[in-house]
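Structural features, examined
Listed below, chain by chain, are the residues.
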Amino acid sequence: MSGLRSWCVRRLLTGAVQTAAVVLLVFALTEALPGDAAVALAGDQPDPERIAALRAALHLDRSAHERLAEWAAGLLHGDLGTSLTSGRPVSGYLADGFGPTLLLAGLTLALLVPAGVGLGVLAARHEGRFADRLISSVALGVYAVPEFACGVLLVTVFALRLGWLPPTAVGYGTDLLAHPAALVLPVLVLLSRPVCSLARLVRAGMIDALAAPYAVHARRYGVPGARVRYAHALPHAIAPAAQQLARTVDWLLCGVIVVEALFVIPGLGTVLMNAVAERDLPVVQGLAVVFGVATVLLNLGADLVARRFAPRAGVAA
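From a predicted model like this one, the values you see are computed outputs, not experimental measurements. Along each chain, residue indices are assigned from 1 in the same order as the chain's sequence is written. This being a predicted model, a pLDDT of at least 70 is required before a residue's local features are given, and a value of 80 or more before pairs of side-chain atoms are given or counted; all residues contribute to the totals for chains, interfaces and linings. Side-chain figures throughout are based on the complete set of non-hydrogen atoms in the structure, without hydrogens or water.

**A look at the overall build of the protein chain**
- Counting its secondary structure elements, the protein chain contains 13 helices and 0 strands.
- Segments assigned H or I by DSSP are reported as helices when at least four residues long, segments assigned E as strands when at least two residues long, and all are numbered from the N terminus. Reading the protein chain from its N terminus to its C terminus gives the helix and strand order α-α-α-α-α-α-α-α-α-α-α-α-α.
- All accessible areas in this document rest on Shrake-Rupley with a 1.4 Å probe, and a residue is counted as covered only by the protein chains that are shown. Here the protein chain displays about 16,600 Å² of accessible surface, and carbon together with sulfur accounts for 67% of that area.

What follows is the structure, encoded as C-alpha coordinates:
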(Lines give C-alpha, C1' and ligand atoms only; values in the text may rest on other atoms or scores of the structure.)
Protein backbone atom coordinates (compact mmCIF):
# COMPACT_ATOMS: atom_id res chain seq x y z
CA MET A 1 0.00 0.00 0.00
CA SER A 2 2.87 2.39 0.79
CA GLY A 3 4.35 1.70 -2.62
CA LEU A 4 1.00 2.43 -4.26
CA ARG A 5 0.64 5.68 -2.31
CA SER A 6 4.11 6.88 -3.26
CA TRP A 7 3.43 5.98 -6.88
CA CYS A 8 0.14 7.93 -6.80
CA VAL A 9 1.90 10.96 -5.28
CA ARG A 10 4.55 10.85 -8.02
CA ARG A 11 1.92 10.59 -10.73
CA LEU A 12 -0.09 13.47 -9.22
CA LEU A 13 3.02 15.66 -9.10
CA THR A 14 3.80 14.72 -12.69
CA GLY A 15 0.22 15.57 -13.65
CA ALA A 16 0.52 18.99 -11.97
CA VAL A 17 3.72 19.72 -13.90
CA GLN A 18 2.08 18.56 -17.12
CA THR A 19 -0.93 20.81 -16.45
CA ALA A 20 1.34 23.82 -15.90
CA ALA A 21 3.18 23.00 -19.11
CA VAL A 22 -0.15 22.77 -20.95
CA VAL A 23 -1.13 26.25 -19.70
CA LEU A 24 2.16 27.79 -20.87
CA LEU A 25 2.08 25.96 -24.21
CA VAL A 26 -1.54 26.95 -24.90
CA PHE A 27 -0.80 30.60 -24.18
CA ALA A 28 2.31 30.58 -26.38
CA LEU A 29 0.54 28.90 -29.31
CA THR A 30 -2.50 31.18 -29.17
CA GLU A 31 -0.22 34.21 -29.02
CA ALA A 32 1.43 32.98 -32.21
CA LEU A 33 -1.86 32.99 -34.14
CA PRO A 34 -1.90 35.65 -36.88
CA GLY A 35 -4.19 38.62 -36.28
CA ASP A 36 -6.32 39.15 -33.19
CA ALA A 37 -9.90 39.81 -32.13
CA ALA A 38 -9.53 43.56 -32.76
CA VAL A 39 -8.78 42.93 -36.45
CA ALA A 40 -11.70 40.51 -36.70
CA LEU A 41 -14.09 43.00 -35.09
CA ALA A 42 -12.86 45.90 -37.22
CA GLY A 43 -14.38 44.41 -40.39
CA ASP A 44 -13.11 43.80 -43.92
CA GLN A 45 -11.60 47.28 -44.34
CA PRO A 46 -10.22 48.04 -40.90
CA ASP A 47 -9.19 51.53 -39.89
CA PRO A 48 -5.83 51.53 -37.99
CA GLU A 49 -7.23 53.95 -35.40
CA ARG A 50 -10.28 51.75 -34.87
CA ILE A 51 -8.06 48.69 -34.49
CA ALA A 52 -5.90 50.52 -31.94
CA ALA A 53 -8.99 51.60 -30.00
CA LEU A 54 -10.36 48.07 -30.00
CA ARG A 55 -7.03 46.66 -28.82
CA ALA A 56 -7.00 49.15 -25.96
CA ALA A 57 -10.60 48.35 -25.02
CA LEU A 58 -9.90 44.61 -25.11
CA HIS A 59 -6.60 45.02 -23.20
CA LEU A 60 -4.69 43.50 -26.12
CA ASP A 61 -2.17 46.35 -26.00
CA ARG A 62 -0.75 45.01 -22.74
CA SER A 63 2.44 42.95 -22.71
CA ALA A 64 2.25 39.19 -23.08
CA HIS A 65 3.62 38.42 -19.62
CA GLU A 66 1.01 40.69 -18.00
CA ARG A 67 -1.82 38.94 -19.84
CA LEU A 68 -0.33 35.54 -18.99
CA ALA A 69 -0.11 36.41 -15.29
CA GLU A 70 -3.71 37.68 -15.24
CA TRP A 71 -4.99 34.63 -17.13
CA ALA A 72 -3.09 32.15 -14.93
CA ALA A 73 -4.35 33.85 -11.78
CA GLY A 74 -7.89 33.52 -13.08
CA LEU A 75 -7.36 29.84 -13.84
CA LEU A 76 -6.29 29.21 -10.25
CA HIS A 77 -9.69 30.56 -9.17
CA GLY A 78 -11.62 28.63 -11.82
CA ASP A 79 -12.08 31.65 -14.09
CA LEU A 80 -11.41 30.75 -17.73
CA GLY A 81 -11.75 34.33 -18.90
CA THR A 82 -14.21 36.34 -20.97
CA SER A 83 -14.85 36.23 -24.70
CA LEU A 84 -13.37 39.19 -26.57
CA THR A 85 -16.06 39.22 -29.25
CA SER A 86 -19.23 38.70 -27.20
CA GLY A 87 -18.26 39.55 -23.62
CA ARG A 88 -19.65 36.23 -22.38
CA PRO A 89 -17.71 34.11 -19.88
CA VAL A 90 -15.77 31.28 -21.51
CA SER A 91 -17.49 28.89 -19.10
CA GLY A 92 -20.76 29.78 -20.86
CA TYR A 93 -19.35 28.60 -24.17
CA LEU A 94 -18.24 25.39 -22.48
CA ALA A 95 -21.71 24.88 -21.05
CA ASP A 96 -23.31 25.41 -24.47
CA GLY A 97 -21.08 22.97 -26.34
CA PHE A 98 -20.38 20.42 -23.63
CA GLY A 99 -23.76 18.69 -23.82
CA PRO A 100 -23.66 17.56 -27.48
CA THR A 101 -19.97 16.61 -27.27
CA LEU A 102 -20.46 14.64 -24.05
CA LEU A 103 -23.52 12.92 -25.52
CA LEU A 104 -21.58 11.80 -28.60
CA ALA A 105 -18.61 10.69 -26.51
CA GLY A 106 -20.79 8.86 -23.98
CA LEU A 107 -22.76 6.95 -26.59
CA THR A 108 -19.59 6.03 -28.46
CA LEU A 109 -17.89 4.84 -25.28
CA ALA A 110 -20.93 2.84 -24.19
CA LEU A 111 -20.78 0.92 -27.48
CA LEU A 112 -16.98 0.85 -27.74
CA VAL A 113 -16.19 -1.12 -24.59
CA PRO A 114 -18.44 -4.17 -25.17
CA ALA A 115 -17.83 -4.18 -28.94
CA GLY A 116 -14.04 -3.81 -28.74
CA VAL A 117 -13.53 -6.23 -25.86
CA GLY A 118 -16.01 -8.74 -27.28
CA LEU A 119 -14.42 -8.76 -30.74
CA GLY A 120 -10.94 -9.04 -29.23
CA VAL A 121 -11.90 -11.99 -27.04
CA LEU A 122 -13.70 -13.69 -29.93
CA ALA A 123 -10.67 -13.31 -32.19
CA ALA A 124 -8.33 -14.63 -29.48
CA ARG A 125 -10.54 -17.67 -28.85
CA HIS A 126 -10.38 -18.59 -32.54
CA GLU A 127 -6.76 -17.63 -33.15
CA GLY A 128 -5.65 -18.46 -36.68
CA ARG A 129 -9.12 -19.58 -37.76
CA PHE A 130 -11.73 -17.92 -39.97
CA ALA A 131 -13.29 -15.73 -37.26
CA ASP A 132 -9.88 -14.40 -36.20
CA ARG A 133 -8.80 -13.67 -39.78
CA LEU A 134 -12.13 -11.99 -40.58
CA ILE A 135 -12.11 -9.75 -37.50
CA SER A 136 -8.44 -8.82 -37.95
CA SER A 137 -8.83 -8.06 -41.66
CA VAL A 138 -11.97 -5.96 -41.23
CA ALA A 139 -10.46 -4.10 -38.27
CA LEU A 140 -7.31 -3.27 -40.22
CA GLY A 141 -9.29 -2.13 -43.25
CA VAL A 142 -11.71 0.05 -41.29
CA TYR A 143 -8.91 1.58 -39.21
CA ALA A 144 -7.15 2.71 -42.39
CA VAL A 145 -10.13 4.91 -43.40
CA PRO A 146 -9.98 8.49 -42.01
CA GLU A 147 -12.99 9.74 -40.05
CA PHE A 148 -13.87 12.37 -42.65
CA ALA A 149 -13.86 9.84 -45.51
CA CYS A 150 -15.88 7.37 -43.43
CA GLY A 151 -18.41 10.08 -42.61
CA VAL A 152 -18.80 11.15 -46.23
CA LEU A 153 -19.27 7.52 -47.28
CA LEU A 154 -21.92 6.86 -44.63
CA VAL A 155 -23.79 10.07 -45.46
CA THR A 156 -23.74 9.24 -49.16
CA VAL A 157 -25.08 5.72 -48.66
CA PHE A 158 -27.48 5.93 -45.73
CA ALA A 159 -28.65 9.55 -45.99
CA LEU A 160 -28.53 10.55 -49.65
CA ARG A 161 -29.01 7.23 -51.46
CA LEU A 162 -31.21 5.25 -49.08
CA GLY A 163 -32.74 8.16 -47.16
CA TRP A 164 -32.79 6.20 -43.91
CA LEU A 165 -31.04 8.77 -41.71
CA PRO A 166 -30.65 12.57 -41.68
CA PRO A 167 -27.34 13.75 -43.19
CA THR A 168 -26.76 16.48 -40.56
CA ALA A 169 -28.10 17.74 -37.25
CA VAL A 170 -29.22 21.07 -38.71
CA GLY A 171 -32.51 22.20 -37.16
CA TYR A 172 -32.27 19.91 -34.13
CA GLY A 173 -30.43 22.35 -31.82
CA THR A 174 -28.58 20.99 -28.81
CA ASP A 175 -31.34 18.57 -27.72
CA LEU A 176 -30.05 15.70 -29.81
CA LEU A 177 -31.56 13.03 -27.54
CA ALA A 178 -34.97 14.06 -28.82
CA HIS A 179 -33.79 13.20 -32.34
CA PRO A 180 -31.84 9.92 -32.00
CA ALA A 181 -31.73 9.36 -35.77
CA ALA A 182 -29.38 12.34 -36.08
CA LEU A 183 -26.89 10.61 -33.74
CA VAL A 184 -26.55 7.31 -35.60
CA LEU A 185 -24.11 8.37 -38.32
CA PRO A 186 -21.87 10.55 -36.08
CA VAL A 187 -21.60 7.77 -33.49
CA LEU A 188 -20.75 5.21 -36.18
CA VAL A 189 -18.00 7.46 -37.51
CA LEU A 190 -16.58 8.05 -34.02
CA LEU A 191 -16.79 4.32 -33.25
CA SER A 192 -15.18 3.06 -36.45
CA ARG A 193 -11.48 3.44 -35.68
CA PRO A 194 -11.38 3.11 -31.85
CA VAL A 195 -13.23 -0.21 -31.86
CA CYS A 196 -10.66 -1.60 -34.30
CA SER A 197 -7.65 -0.57 -32.24
CA LEU A 198 -9.23 -1.74 -28.97
CA ALA A 199 -10.20 -5.13 -30.44
CA ARG A 200 -6.66 -5.68 -31.77
CA LEU A 201 -5.10 -4.78 -28.40
CA VAL A 202 -7.44 -7.09 -26.47
CA ARG A 203 -6.81 -9.89 -28.97
CA ALA A 204 -3.01 -9.55 -28.65
CA GLY A 205 -3.18 -9.36 -24.85
CA MET A 206 -5.47 -12.37 -24.60
CA ILE A 207 -3.26 -14.48 -26.89
CA ASP A 208 -0.14 -13.62 -24.87
CA ALA A 209 -1.91 -14.31 -21.57
CA LEU A 210 -3.37 -17.62 -22.74
CA ALA A 211 0.09 -18.75 -23.83
CA ALA A 212 1.67 -17.84 -20.47
CA PRO A 213 2.83 -20.68 -18.18
CA TYR A 214 0.19 -20.02 -15.50
CA ALA A 215 -2.62 -20.38 -18.06
CA VAL A 216 -1.07 -23.58 -19.46
CA HIS A 217 -0.77 -25.05 -15.95
CA ALA A 218 -4.33 -24.00 -15.09
CA ARG A 219 -5.70 -25.87 -18.11
CA ARG A 220 -3.49 -28.84 -17.30
CA TYR A 221 -4.99 -29.05 -13.80
CA GLY A 222 -8.49 -29.05 -15.21
CA VAL A 223 -9.52 -25.42 -14.68
CA PRO A 224 -12.42 -24.68 -17.07
CA GLY A 225 -11.44 -22.80 -20.21
CA ALA A 226 -13.94 -20.00 -19.59
CA ARG A 227 -12.43 -19.33 -16.15
CA VAL A 228 -8.91 -19.27 -17.59
CA ARG A 229 -9.97 -16.84 -20.29
CA TYR A 230 -12.09 -14.42 -18.27
CA ALA A 231 -10.68 -14.66 -14.72
CA HIS A 232 -6.97 -14.90 -15.56
CA ALA A 233 -6.19 -13.94 -19.15
CA LEU A 234 -8.65 -11.06 -19.66
CA PRO A 235 -7.42 -8.93 -16.70
CA HIS A 236 -3.89 -9.01 -18.15
CA ALA A 237 -5.26 -7.95 -21.53
CA ILE A 238 -7.16 -5.06 -19.94
CA ALA A 239 -4.00 -3.25 -18.79
CA PRO A 240 -2.86 -2.04 -22.24
CA ALA A 241 -6.48 -1.76 -23.37
CA ALA A 242 -7.23 0.62 -20.48
CA GLN A 243 -4.55 3.03 -21.65
CA GLN A 244 -5.83 2.82 -25.20
CA LEU A 245 -9.33 3.47 -23.88
CA ALA A 246 -8.10 6.57 -22.02
CA ARG A 247 -6.54 7.90 -25.20
CA THR A 248 -9.78 7.15 -27.01
CA VAL A 249 -11.88 9.03 -24.45
CA ASP A 250 -9.45 11.94 -24.71
CA TRP A 251 -9.82 11.87 -28.49
CA LEU A 252 -13.60 11.69 -28.21
CA LEU A 253 -13.68 14.79 -26.01
CA CYS A 254 -10.99 16.75 -27.82
CA GLY A 255 -10.91 15.45 -31.36
CA VAL A 256 -14.52 15.42 -32.53
CA ILE A 257 -13.99 18.66 -34.46
CA VAL A 258 -14.08 16.93 -37.84
CA VAL A 259 -17.18 14.90 -37.00
CA GLU A 260 -19.02 17.87 -35.51
CA ALA A 261 -18.13 20.00 -38.53
CA LEU A 262 -19.24 17.28 -40.96
CA PHE A 263 -22.61 16.70 -39.28
CA VAL A 264 -23.10 20.33 -38.12
CA ILE A 265 -23.34 19.41 -34.43
CA PRO A 266 -23.11 22.39 -32.04
CA GLY A 267 -20.53 20.89 -29.69
CA LEU A 268 -17.17 21.96 -28.31
CA GLY A 269 -15.46 21.34 -31.63
CA THR A 270 -17.76 23.82 -33.35
CA VAL A 271 -17.21 26.35 -30.55
CA LEU A 272 -13.44 25.99 -30.96
CA MET A 273 -13.58 26.41 -34.73
CA ASN A 274 -15.68 29.57 -34.43
CA ALA A 275 -13.36 30.99 -31.78
CA VAL A 276 -10.29 30.41 -33.96
CA ALA A 277 -12.01 32.05 -36.93
CA GLU A 278 -12.84 35.11 -34.79
CA ARG A 279 -9.41 35.15 -33.09
CA ASP A 280 -11.23 34.95 -29.77
CA LEU A 281 -8.17 33.95 -27.77
CA PRO A 282 -9.77 33.53 -24.31
CA VAL A 283 -12.24 30.99 -25.71
CA VAL A 284 -9.47 29.12 -27.57
CA GLN A 285 -7.24 29.16 -24.49
CA GLY A 286 -10.02 28.08 -22.15
CA LEU A 287 -11.05 25.14 -24.35
CA ALA A 288 -7.44 24.08 -24.88
CA VAL A 289 -6.75 24.12 -21.14
CA VAL A 290 -9.87 22.07 -20.41
CA PHE A 291 -8.85 19.55 -23.07
CA GLY A 292 -5.29 19.42 -21.73
CA VAL A 293 -6.36 18.87 -18.12
CA ALA A 294 -8.80 16.17 -19.28
CA THR A 295 -5.91 14.44 -21.04
CA VAL A 296 -3.75 14.49 -17.91
CA LEU A 297 -6.56 13.15 -15.70
CA LEU A 298 -7.55 10.43 -18.17
CA ASN A 299 -3.97 9.20 -18.47
CA LEU A 300 -3.64 9.18 -14.69
CA GLY A 301 -6.81 7.09 -14.43
CA ALA A 302 -5.52 4.73 -17.12
CA ASP A 303 -2.26 4.28 -15.21
CA LEU A 304 -4.19 3.40 -12.06
CA VAL A 305 -6.30 0.82 -13.88
CA ALA A 306 -3.26 -0.67 -15.61
CA ARG A 307 -1.36 -0.90 -12.33
CA ARG A 308 -4.37 -2.48 -10.64
CA PHE A 309 -4.69 -5.27 -13.22
CA ALA A 310 -0.98 -5.68 -14.03
CA PRO A 311 1.01 -4.31 -11.06
CA ARG A 312 4.25 -5.90 -12.22
CA ALA A 313 4.13 -4.13 -15.55
CA GLY A 314 4.76 -0.70 -14.03
CA VAL A 315 3.39 0.95 -17.14
CA ALA A 316 2.72 4.64 -17.48
CA ALA A 317 0.79 6.38 -20.16
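**Quick look at the side chain of threonine 108**
- Considering the arrangement of structural elements, one finds threonine 108 in helix α5 (residues 90–125).
- In contact with threonine 108, other than residues within four places in its own chain, are Val187, Leu190, Leu191 and Leu252. Only heavy atoms enter the contact rule, under which two residues are in contact if any of them lie within 4.5 Å.

**Observations concerning the nonpolar core**
- Remark: nonpolar core denotes a set of buried residues (Ala, Val, Leu, Ile, Met, Phe, Trp, Tyr, Cys) joined through side-chain atoms within 4.5 Å. Per-residue accessibility, obtained with a 1.4 Å probe over protein chains only, is compared with the maximum for each type, and a residue is labelled buried under 20%, exposed over 50%, and partly exposed between these values. Among the nonpolar cores identified, the biggest contains 20 residues, and Leu104, Leu176, Leu185, Val189, Leu190, Phe263 and Ile265 are the most heavily contacted of them.
- The dominant element in this core, judged by the number of residues it contributes, is helix α8 (residues 181–210), at 5 residues.
- Judged by nonpolar contacts, the second largest core, of 18 residues, contains Cys196, Met206, Ile207 and Leu234.

**A look at α5**
- By this rule, a helix spans an expected 1.5 Å times one less than how many residues it contains. A rise of 1.5 Å per residue sets the reference length of α5, with its 36 residues, at 52 Å; its end C-alpha atoms lie 50 Å apart and thus fit the reference within 8%.
- Taking the largest bend as the criterion, α5 deviates by roughly 40 degrees, centred on phenylalanine 98, and proline proline 100 comes between one and four positions later. Here the bend at a residue is taken as the angle between two axes, fitted respectively to the seven residues that end there and the seven that start there.

**Examining the confidence of the model for the protein chain**
- pLDDT expresses how confident the predictor is about each individual residue, on a scale running from 0 to 100. Model confidence for the protein chain is summarised by a mean pLDDT of 77, while 79% of its residues fall at 70 or above.
- pLDDT under 50 marks residues 313–317. Its contacts with residues more than four places away, or in other chains, come to 9 contacts.

**Focus: the packing of α5 against helix α12 (residues 268–277)**
- Contact pair α5 / α12: the axes reach a minimum separation of 7 Å and the direction vectors enclose 140 degrees. Between α5 and α12, the angle falls in the class oblique. Between α5, through Tyr93, Leu94, Gly97, Phe98 and Thr101, and α12, the contact on the second element is made entirely by Leu268, Gly269 and Val271.
- Of the residues belonging to the contact of α5 with α12, the class tally is 5 nonpolar, 3 polar and no charged. Between the N-to-C directions of two axes lies an angle of 0 to 180 degrees, each axis being a line fitted to C-alpha atoms and, for a helix, fitted only over the stretch in contact. Here the word oblique covers every angle except those under 35 degrees (roughly parallel), over 145 (roughly antiparallel) and from 65 to 115 (roughly perpendicular). Residues are grouped as follows: Ala, Val, Leu, Ile, Met, Phe, Trp, Tyr, Cys and Pro are nonpolar; Asp, Glu, Lys and Arg are charged; every other residue, Gly included, is polar.

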